[in-house]
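Given next are the chains, with one letter for each unit.
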Amino acid sequence: MMLQDRVGEVREQFERIFGTRPQTVVRAPGRVELLGNHTDYNEGFVLPAAISMDVLAAGSLRDDEVVAAYSANFDTLVAFPLSSIEKDQVNTWSNYVRGVLHFLKESGVRLQGVNMAISGNVPVGSGLSSSAAIEMAVGFLMQTLIGFEMSGPDLALIGQRAENEFVGVSTGIMDQFVSRLGRKDHALFLDCRTLGYEQVPLETKAIKIVVCDTMKRRGLVDSEYDQRRAQCEEAARLLSQWIPNVRALRDVSKEDFELYKDRLPEVIRKRAQHVIYENERVLKSREVLNVGDYDAFARLLDECHESARDLYEVSCAELDTMVEVSRQAPGAMCARLTGAGFGGCTVSLVRDEQVDAFVDTVRAGYAERTGVTPSIYVCTAEDGASVVQQ
Ligand code: GLA
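Computed from a prediction, not measured in an experiment: that's the story for all the values here.

Asks: Would you explain the packing of aromatic side chains in this entry?
Replies: The geometry of an aromatic ring pair is captured by two quantities: the separation of the ring centres and the angle between the planes. Applying the stated criterion to the full structure yields six aromatic pairs. For the pair F14 and F18, a centre-to-centre distance of 4.7 Å together with 50° between the ring planes defines the contact as tilted. Of this pair, F14 and F18 both sit in helix α1 (residues 3–18), separated by four residues, roughly a single helical turn. Residue F14 is classed as buried on the basis of its relative accessible area of 0%. For F18, a relative accessible area of 18% gives the class buried. Residues F45 and F189 carry aromatic rings whose centres are separated by 5.7 Å and whose planes lie at 20° to one another, so their mutual orientation is stacked. Of this pair, F45 sits in strand β2 (residues 45–61) while F189 sits in strand β6 (residues 186–191); the two residues are 144 residues apart in sequence, bridging distant segments of the chain. Just as F45 is buried, F189 falls in that class too. Geometry around W242 places R263 over its ring, the cationic atom sitting 5.0 Å from the centre. R286 extends its terminal NZ or CZ atom over the ring of F189, reaching a point 4.1 Å from the ring centre.

Asks: Can you walk me through unusual backbone geometry in this structure?
Replies: Negative phi is the rule for most residues except glycine; trans is the rule for most peptide bonds. One non-glycine residue, E313, lies in positive phi territory at about 50°. Checked against the element boundaries, E313 lands in the loop between α9 (294–310) and α10 (317–328).

Asks: Could you clarify how one ought to interpret the site of the ligand in this entry?
Replies: Among the 14 residues in the neighbourhood of the ligand, the closest are listed as E33, H38, D40, D175 and Y225. At a separation of 2.9 Å, an oxygen atom of the ligand approaches a polar side-chain atom of R31. Between the ligand and the protein, one listed contact pairs an oxygen atom with a backbone N or O atom of H38 at 2.7 Å. Contact with the protein chains covers 95% of the free accessible surface of the ligand, which is 300 Å². Here the residues of the shell around the ligand sort into four nonpolar, six polar and four charged.

Asks: Even after reading the chapter, I still don't get the nonpolar core, so can you show me in this structure?
Replies: Taken as a class, soluble globular proteins show a tendency for nonpolar side chains to be buried jointly. By size, the foremost hydrophobic cluster in this structure holds 73 residues, and its most contacted members are L34, L47, L104, M116 and F297. The element that contributes the greatest number of residues to this core is helix α3 (residues 130–146), accounting for nine residues. Not counting the four nearest positions on each side in its chain, L47 is found in contact with E33, L34, L35, A187, L188, F189, V200, V282, S285, L289 and F297. Membership of the second largest hydrophobic core comes to 26 residues, among which are L264, V275, I276 and F342.

Asks: What am I meant to see in the environment of Y377 here?
Replies: With respect to the helices and strands, the residue Y377 is situated in strand β11 (residues 375–379). Taking the C-alpha atoms as reference, Y377 lies 10.0 Å from I51; in sequence the two are 326 residues apart. Apart from residues no more than four positions distant in its own chain, Y377 is found in contact with M53, P123, I209, V210, V211 and D213.

Asks: How should α9 be read in this particular structure?
Replies: Given 3.6 residues per helical turn, the α-helix brings residues three or four places apart onto the same face. Between its terminal C-alpha atoms α9 stretches 25 Å, which fits the 24 Å expected from 17 residues at 1.5 Å a residue. Within α9 the residues assigned to the buried category are Y294, A296, F297, A298, L300, L301, D302, C304, H305, S307 and A308.

Asks: Please explain the sheet that holds strand β9 (residues 332–337) as it appears in this structure.
Replies: Through backbone hydrogen bonds, the strands of a sheet pair up, either in parallel or in antiparallel fashion. Spatially, the four strands line up as an open sheet ordered β9-β10-β8-β11, and their pairing is antiparallel. The strands lining the two open edges of the sheet, one partner per strand, are β9 and β11. Here the average twist between neighbouring strands, direction ignored, is 20°. Direction of pairing for strand β8 (residues 207–213) relative to β11: antiparallel, over a ladder of five bridges. What sits directly across from D213, in β11, is S375. The sheet strands contacting α10 are β8, β9 and β10 (345–351), and the helix crosses β9 at an angle near 175°. Where helix α11 (residues 355–370) meets the sheet, it contacts β8, β9, β10 and β11, and its direction lies at approximately 160° from that of β11.

Asks: So what exactly am I meant to see when it comes to the pattern of salt bridges here?
Replies: Summed over the entire model, instances satisfying the criterion amount to 32 salt bridges. The partner of D175 in a salt bridge is R31, and the shortest N-O contact between them spans 2.8 Å. Of the two residues, D175 is situated in helix α5 (residues 174–181) and R31 in strand β1 (residues 24–35); the sequence distance between them amounts to 144 residues. When sorted by exposure, D175 lands in the same class as R31, which is buried. Note that E165 and R161 form a salt bridge whose closest N and O atoms lie 3.1 Å from each other. In this pair, E165 and R161 are both assigned in helix α4 (residues 152–167), four residues apart and thus about one turn of the helix distant.

Asks: Can you walk me through the side chain of S130 in this structure?
Replies: Here S130 is to be found in helix α3. The contact partners of S130, leaving out residues within four places of it in the chain, are V55, V122, P123, V124 and G125.

Cut-offs and rules
- Residues numbered from 1 in each chain as written.
- Predicted model: local features only at pLDDT ≥ 70, side-chain atom pairs only at ≥ 80, totals over all residues.
- Heavy atoms only, no water.
- Phe/Tyr/Trp six-rings, centres within 6.5 Å; stacked < 30°, edge-to-face > 60°.
- Helix = DSSP H or I, 4+ residues; strand = E, 2+ residues; numbered from the N terminus.
- Buried < 20%, exposed > 50% of the residue type's maximum accessible area, 1.4 Å probe, protein only.
- Lys NZ or Arg CZ within 6 Å of the ring centre and 35° of its normal.
- Near = heavy atom within 4 Å.
- Polar contact = N/O pair within 3.5 Å; in protein donor to acceptor, adjacent residues only side chain to side chain.
- Areas by Shrake-Rupley, 256 points an atom, 1.4 Å probe, with all protein chains shown as cover.
- Nonpolar A, V, L, I, M, F, W, Y, C, P; charged D, E, K, R; others polar.
- Core = buried A, V, L, I, M, F, W, Y, C linked by side-chain atoms within 4.5 Å.
- Contact = heavy atoms within 4.5 Å.
- Expected span 1.5 Å × (residues − 1).
- Pairing = 2+ DSSP bridges.
- Axes fitted to C-alpha atoms, helices over the stretch in contact; angles between N-to-C directions.
- Salt bridge = Lys/Arg side-chain N within 4 Å of Asp/Glu carboxyl O.

Rendered as structure tokens:
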């Protein structure tokens, strides 16, 4: 469905539930991680892009202190007072709304009651950051309605805290940041330590970003994710004994790593190697994209998959199969897993004139090898959070 139709639909849903028209409608997108796999929580570099799948939020201020939030996806309405924002054990989707409001309030924003209707088409649980999209949609809706001052990076940090501390899922800053600050026809280069960022041209007319969903939901992801984080912290701690000024893996150059890597236990060495070389790939990607060298960019994505699979060990049979099938399909320039891993999606760069053949070949090839028909999304790089209707 086109954006305008979806906006019309969420406005109607708002009117049906609340009996008035919404004051505004905003959107915040999901994202695809092009490069920067598991580097964000190591204070490193990432290169995601915002995509066209998004969460729409229609809203109006109320004159009391109550928040009423309707989810079109769950066809459920929740209501709670701003004075006591508690976790909801039943309507767990609403915890993203509650968490963002909680941390906005905690950061000193004077909130007002609000009616909102939320509707998203980012597939849930497939690694395209539907949760960051809802967090940024709610945050941006509140900012648009109330008009408080808050920078994009600060709103992203509010979303990350909501996810980490309120919902209770540990993540880095990449997803919320690009959902808020992505730009059409650009990838976003972000330094996750300083939150300095740069829009890097990514022309998606000639080359499409194609996301292939293995349909395997990311089962073990939470415990494995936390374990990887702990292993990276351990690697940084060990390396800091021999290399000065190491606070996080971000601070380890590949030259220093090569000097000391043999002193690390094998698993810790593999995790560190992935992160340190992945940071290098992200820095390199900014250079090659700035000169439009898409072949070099594609090679970096391929290398990223090998490293995520063999060193960071976050791939799985389904992701590896999708990568193999994709790399052999017409128009394919590269393929890698994207996001946390253990299921979810791969991302490929595909020459535009062969996109249809690519999609058909991958759909049939993956189905033949696994018995499962994948969902495939042909994406372009889109703007981050924005107002779609006043
Ligand atoms: C998940 C997290 C991100 C990032 C990726 C791995 O998507 O939400 O913050 O850590 O995994 O790169």
